[in-house]
Amino acid sequence: MENKAGLSALRVDAGTVHDVSEEFTLPDYLPEIRQIVSCRCTVLPENKYQSDSGVGLSGLVTYTVTYVGDDGALSAVPLNSEYSATVPCSAETLAGTPVSRLGVHTSAETVNCRATAPRRLSLSCRMRSRVIASAPVKTKDKLTGSGGETAAPADETLEKRTVGSETSTLSFASHTGAVSGELRLREGTTIVSCGGSVGVGDVRADGDDVTVRGDVFMNVLLLGDDGRYSTERVKSPFEEKIALKQGEVPEGSKKSASCDVRVASVNVNGGEGGAFTWDVEYDVDAILSCTYGCTVTADAYSTEYESEVRKGSAESLLTLRNANSRLSVNGSSPFVHGESRYVAGNCASASLDRAEYDSGRITLTGNCTVSVLIVGEGEAVSEDVTLPFRHECEAGAYDGAAAISANVCVITADARLDGDRLVCDAELGFSVLAFAHPKVSFVEDVTLDTDRPVQGMSGSVKIYFPDKDETEWDVGKKYKVKQSDVRTLDGGTPMVIIK
């Protein structure tokens, strides 16, 4: 009696914190380092594989270090560092779960950059990786007779009590896309550095597909022919349709989708006459959740033979939220500056400190740090402005705790000098997957003793006065009669058992 789309549970939900560090020597054609201004970090999508000790991950951390060179000008250098890590999982946990069914996300939490010599950089990064996967739970009751399963009597000898349960499945898929365009600048302008970000505007589930719409932002730090630095931002819309294998689920199931999008590379070429071409490559990690009702056998007995019921239980997976959202934040800090100083650009990052669920509401708190590049009076400095955020979003109601997998990114950030303060604004993007683990009990197997027929009450009528909490099911099981033979009189008592 197993439903094709039966109970689903979280097979894997494990994480690990790991570090990556490396020393880099700058090539001779770059200026020597006089002062580090900022360091931007991106984690590129992982290669994932199963090992004896868990899920192995490997990939790249990309850095862009902006610094003041010995010539007094700003320079930027891109650097890559390989990483590898293992998220601990037992072989038993991973059994039957292919790599394609694993959802993996790695983010950088702390980045440190320091110059150890005029051409030597030391870079380190603390990273957090998480692996999630769901899988069906075997809830089929197995019928066994005295002489073994093949000798079992017909299934019609069993009375079964089924209960409904709501459950969810998760599917994951990745996709790489790209946008490109042209940038017209004043002739003589040079590009110091470039970067990118992605803002997700809409994520929709459509069958086994997830459609993602949003904007890609390409940012460039420029040096004009007048010696003045500035930032140019270009926005390009994108739309991707990503196919996922959801499996067989009932019609009318509730589906939801979310995604994490990160920039993989930014390239700017040309420059003759102020004409540049640019392209941004981005990676989308999509999550599709399907929630539906299923039934499990909660209890059983035989009306013909003495029987033994063995029960099991599992923590079902129930999605409470799977969506993307945005939040705007702003703030300022005191900054004393001369009249010749100005904001040339910024880079920003955000991190989550807490993710809490309470009565159908999720609250995410953390900080966005905007590192503002200020130039003038013969020097360039970087000033950090911290913007605390508190983001609340609705989730499904559940009487208990919820597990939350949430990621935050900076879509855009801007800064300006206003009197004696440095003012910053930022738009943040969130992807939130929250789920609960309701416990579901079910019958695993029923063993019938075909050598011991039930001593029934054939051809009789019995009047029964049930206890306060006894149901027709309890009475039928007690006297080993079919449920259709137990009838409750008007008013609820007594019960009449006819056989």
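You'll find the structure just up there.
A brief structural summary. Just so it is clear, the structure is predicted and the values come from calculations on it, not from any experiment. (Residues numbered from 1 in each chain as written. Predicted model: local features only at pLDDT ≥ 70, side-chain atom pairs only at ≥ 80, totals over all residues. Heavy atoms only, no water.)

1. Some words on the packing of aromatic side chains
So, point 1. Under the definition given, this model contains three aromatic pairs.
So, point 2. Residues F238 and Y282 carry aromatic rings whose centres are separated by 5.0 Å and whose planes lie at 50 degrees to one another, so their mutual orientation is tilted. With F238 in strand β12 (residues 229-243) and Y282 in strand β14 (residues 275-302), this residue pair connects regions lying 44 residues apart in the sequence.
So, point 3. On the accessibility criterion, F238 (6% relative accessible area) is buried.
So, point 4. Assessed through its relative accessible area of 1%, Y282 is described here as buried.
So, point 5. Across from the ring centre of Y342, 3.7 Å away, lies the NZ or CZ of R228, which sits over that ring. (Phe/Tyr/Trp six-rings, centres within 6.5 Å; stacked < 30°, edge-to-face > 60°. Helix = DSSP H or I, 4+ residues; strand = E, 2+ residues; numbered from the N terminus. Buried < 20%, exposed > 50% of the residue type's maximum accessible area, 1.4 Å probe, protein only. Lys NZ or Arg CZ within 6 Å of the ring centre and 35° of its normal.)

2. A look at the side chain of S325
So, point 1. With respect to the helices and strands, the residue S325 is situated in strand β16 (residues 318-334).
So, point 2. Side-chain polar atoms of S325 contact the side chain of H391, separated by 2.8 Å. (Polar contact = N/O pair within 3.5 Å; in protein donor to acceptor, adjacent residues only side chain to side chain.)

3. Here we look at the sheet that holds strand β21 (residues 421-436)
So, point 1. Spatially, β16-β21-β20 is the arrangement adopted by the three strands of the open sheet, whose pairing is antiparallel. With partners counted over all chains shown, the strands left at the sheet margins are β16 and β20 (403-418), one partner each. Each adjacent strand pair in this sheet contributes to an overall mean axis angle of 10 degrees, direction not counted.
So, point 2. Here β20 runs beside β21; their pairing, made up of 15 bridges, is antiparallel. Its bridge partner being in β21, A403 is matched across the sheet by F435. (Pairing = 2+ DSSP bridges. Axes fitted to C-alpha atoms, helices over the stretch in contact; angles between N-to-C directions.)

4. Notes on the nonpolar core
So, point 1. Judged by nonpolar contacts, the single largest core of 31 residues is most densely connected at I362, L387, L428 and F430.
So, point 2. Elements supplying a minimum of two residues to this core: β16, β18 (361-376), β19 (379-394), β20 and β21.
So, point 3. When residues in this core are grouped by element, the largest group, eight residues, is from β21.
So, point 4. Leave out the neighbours within four places in its chain, and I362 touches R321, E356, Y357, H391, E392, C393, A395, I404, V432 and A434.
So, point 5. By size, the runner-up hydrophobic cluster in this structure holds 29 residues, among which are L185, V203, V220 and A286. (Core = buried A, V, L, I, M, F, W, Y, C linked by side-chain atoms within 4.5 Å. Contact = heavy atoms within 4.5 Å.)

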